[in-house]
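# Summary of the model geometry
Chain by chain, the residues run as shown.
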Amino acid sequence: MNYKYGIVIYWSEADQVCVAEVPELPGCMAHGDDPRAAVASVLEAVALWIETAKVHGDVVPEPKKRRLIFA
């Protein structure tokens, strides 16, 4: 399935890795050596998060529609 959730990527100085987090899915995050690896890992985490929520009968939030504006 193709889910369109926003992903926040940041560097963790403490762990020396890039972290990718999906704010709309509580606790859904992953890490990697670089941003691409972190995103690849978090996409797997999103699929697992949604699968687990469905198994337990939990609500899966709809992705928010957003527009990014760069100044």
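For the structure itself, look to the data block above.
These numbers come from a predicted model, not from an experiment. (Residues numbered from 1 in each chain as written. Predicted model: local features only at pLDDT ≥ 70, side-chain atom pairs only at ≥ 80, totals over all residues. Heavy atoms only, no water.)

### Here's the deal with the nonpolar core
So the rule is basically this: As used here, the term nonpolar core means buried Ala, Val, Leu, Ile, Met, Phe, Trp, Tyr and Cys residues forming a set that is joined through side-chain atoms within 4.5 Å. The buried label goes to any residue with under 20% of its type's maximum accessible area, the exposed label to any with over 50%, and the partly exposed label to all in between, with areas taken from a 1.4 Å probe on protein chains only. Where helices and strands are cited, they refer to DSSP runs of H or I of at least four residues and of E of at least two residues respectively, numbered from the N terminus. Contact between two residues is taken to exist if any of their heavy atoms lie within 4.5 Å; hydrogens are not considered.
Core analysis: the biggest nonpolar cluster contains twelve residues, these being Tyr5, Cys18, Ala20, Val22, Leu25, Cys28, Ala30, Ala38, Val42, Ala45, Val46 and Ile50. Taken together, the elements giving at least two residues each to this core come down to β2 (17–21) and α1 (35–55). Here the element with the most residues in this core is α1; it accounts for five residues. The residues touching Tyr5, leaving out its near neighbours within four places in the chain, are Val22, Glu24, Leu25, Val46, Ile50, Val60, Pro61, Glu62 and Pro63.

### Some points on the pairing of strand β1 (residues 8–12)
Two faces belong to every sheet, and in a regular strand the side chains alternate between them. How we decide: For two strands to be treated as a pair, DSSP must find no fewer than two bridges joining them.
Relative to β2, β1 runs antiparallel, the two sharing five bridges. By the bridge assignment for β2, Tyr10 is matched with Val19. Turn length for the β1-β2 hairpin, with the two strands adjacent in sequence and antiparallel, is four residues, and the turn residue Gln16 shows positive phi of about 60 degrees.

### A word on the sheet that holds β2
As a reminder of what qualifies: Every angle, taken between N-to-C directions, lies between 0 and 180 degrees, and every axis is a line fitted to C-alpha atoms, over only the stretch in contact when it is a helix.
An order of β1-β2-β3 is seen for the three strands of this open sheet, with the pairing classed as antiparallel. A single partner strand is all that each edge strand has here, and the edge strands are β1 and β3 (29–32). Taking each pair of neighbouring strands and ignoring which way they run, the sheet shows an average axis angle of 25 degrees. Most of the contacts of α1 go to β3, to which it runs at about 150 degrees, and overall it touches β1, β2 and β3.

Honestly, it's all geometry; don't read function into it.
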